[in-house]
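Inside the fold
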Amino acid sequence: MGQRINSSYRAPWWLKSPHLQTILPTLIRKRPQLDLTWERLELKDGDFIDLAWYPRPQAPLVLMMHGLEGSLNSHYASTLVQALHQAGFSVVFMLLRGRGLEPNRLAKSYHSGASADLAEVLAQLKARGQMPAAAIGVSLSANLLLKYLGETGANSGLNAAVAISTPFQLAVCAKKLEHGFARVYGQYLLKQLKNSYRTKFQSLPEPTPIDLTALSTIYQFDDQVTAPLNGFANAADYYQRSSSARFLGKIQTPTLIIHALDDPFMRPSIVPSAEQTSPNVSLEITEHGGHVGFISGRVPWKLSYWLDERVPAWLRSQRVDAV
């Protein structure tokens, strides 16, 4: 059984709306310009994954991944990379398959259950003496990371992991994005997914021609595009096999799960209980925070971002900095 942590996060009185927490950072947060070193990692199947390195000599390495249609420009990405670096870590940011500097070569794409891609990247890094001490997943990649940890058990190779705003039950989350205000997020993400699909298949032949205009929900996109391109029978099969909820009891790596009950992409019912997680999992469940928001600050003109403090602090508490 996992443990519940009493979180230090408190939303400001003027910023308790989950939608403001979710949307505000994407609009106003400054992204730092980091001096990154890019690397293209070749995969066994002929495809590639792009890595962005922000090294620090003699420092433990942390691998970080982004969410659905995310990138280093996502509000939480370069900012958390910078915070980790300032806290004494070396960082490598993994752009999921197809989200790199250019479209990937194969028809298959990144998805919520693509833990095999993470496993291959970690294996390659380990083989050359650059195995990360810890990994961080955000949103979609948080699900991917937790799935990987459950699949590998004692052989994850990682000393610690952090999962932020995880869609533990993919089918529930996909359907949530079809109702109420959450539909705004769903339609925005669907538009992004369609644009990425069009860009990719400008230079690749479509395996099966898809009428994108006929797809009006993320569930339909996953059913007609994501699932068949990645070896699943349909959306239901993809969601069932890829949802991290079923892997949480098998995790043997010390793992922190940070999640807000008011996350507008999800329903509170999907949040796992301590009984559903292994003893190696710490659940830090907050009342407010939205989806990858967790903004703090006493006054509106001086915001701070709690994740940038909390994540490095927890990694240090796990002695990751002593690796």
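These lines cover the structure that appears in this document, whether it is placed above or below. Remember, predicted model here, so these are calculated numbers, not experimental data.

1. A short note on the packing of aromatic side chains
Two descriptors summarise a pair of aromatic rings, namely the distance from one centre to the other and the angle between the planes of the rings. A complete count under the given rule lists nine aromatic pairs for this structure. When the centroid spacing of 4.9 Å and the interplanar angle of 35° are considered together, the rings of Tyr185 and Phe265 count as tilted. Highlighted residues: Tyr185 in helix H6 (residues 182-200) and Phe265 in the loop between strand S8 (255-260) and strand S9 (281-286), separated in sequence by 80 residues. Taken together, a centroid distance of 5.2 Å and an interplanar angle of 40° make the contact between Tyr238 and Tyr239 tilted. Tyr238 gets classed as buried once you look at its relative accessible area, which sits at 3%. Assessed through its relative accessible area of 4%, Tyr239 is described here as buried. Among the aromatic residues, those joined into a cluster by ring pairs are Tyr219, Phe232, Tyr238 and Tyr239. Lying across the ring of Tyr305, Arg29 places its NZ or CZ 3.6 Å from the centre. The ring of Tyr219 has Lys175 sitting right over it, with the charged end atom 4.4 Å from the ring centre.

2. Section: helix H3 (residues 115-127)
When the terminal C-alpha atoms of H3 are compared, their 18 Å separation across 13 residues agrees well with the 18 Å that a helix rising 1.5 Å per residue should span. Of the residues making up H3, those classed as buried are Ser115, Asp117, Leu118, Glu120, Val121, Leu122 and Leu125. In this structure, the buried residues of H3 make contact with strand S2 (37-42), strand S3 (48-54), strand S4 (61-65), strand S5 (90-94) and helix H4 (140-152). Within two residues after H3, Gly129 carries a phi angle of roughly 80°, on the positive side.

Quick notes on the rules
Residues numbered from 1 in each chain as written. Predicted model: local features only at pLDDT ≥ 70, side-chain atom pairs only at ≥ 80, totals over all residues. Heavy atoms only, no water. Phe/Tyr/Trp six-rings, centres within 6.5 Å; stacked < 30°, edge-to-face > 60°. Helix = DSSP H or I, 4+ residues; strand = E, 2+ residues; numbered from the N terminus. Buried < 20%, exposed > 50% of the residue type's maximum accessible area, 1.4 Å probe, protein only. Lys NZ or Arg CZ within 6 Å of the ring centre and 35° of its normal. Expected span 1.5 Å × (residues − 1). Contact = heavy atoms within 4.5 Å.

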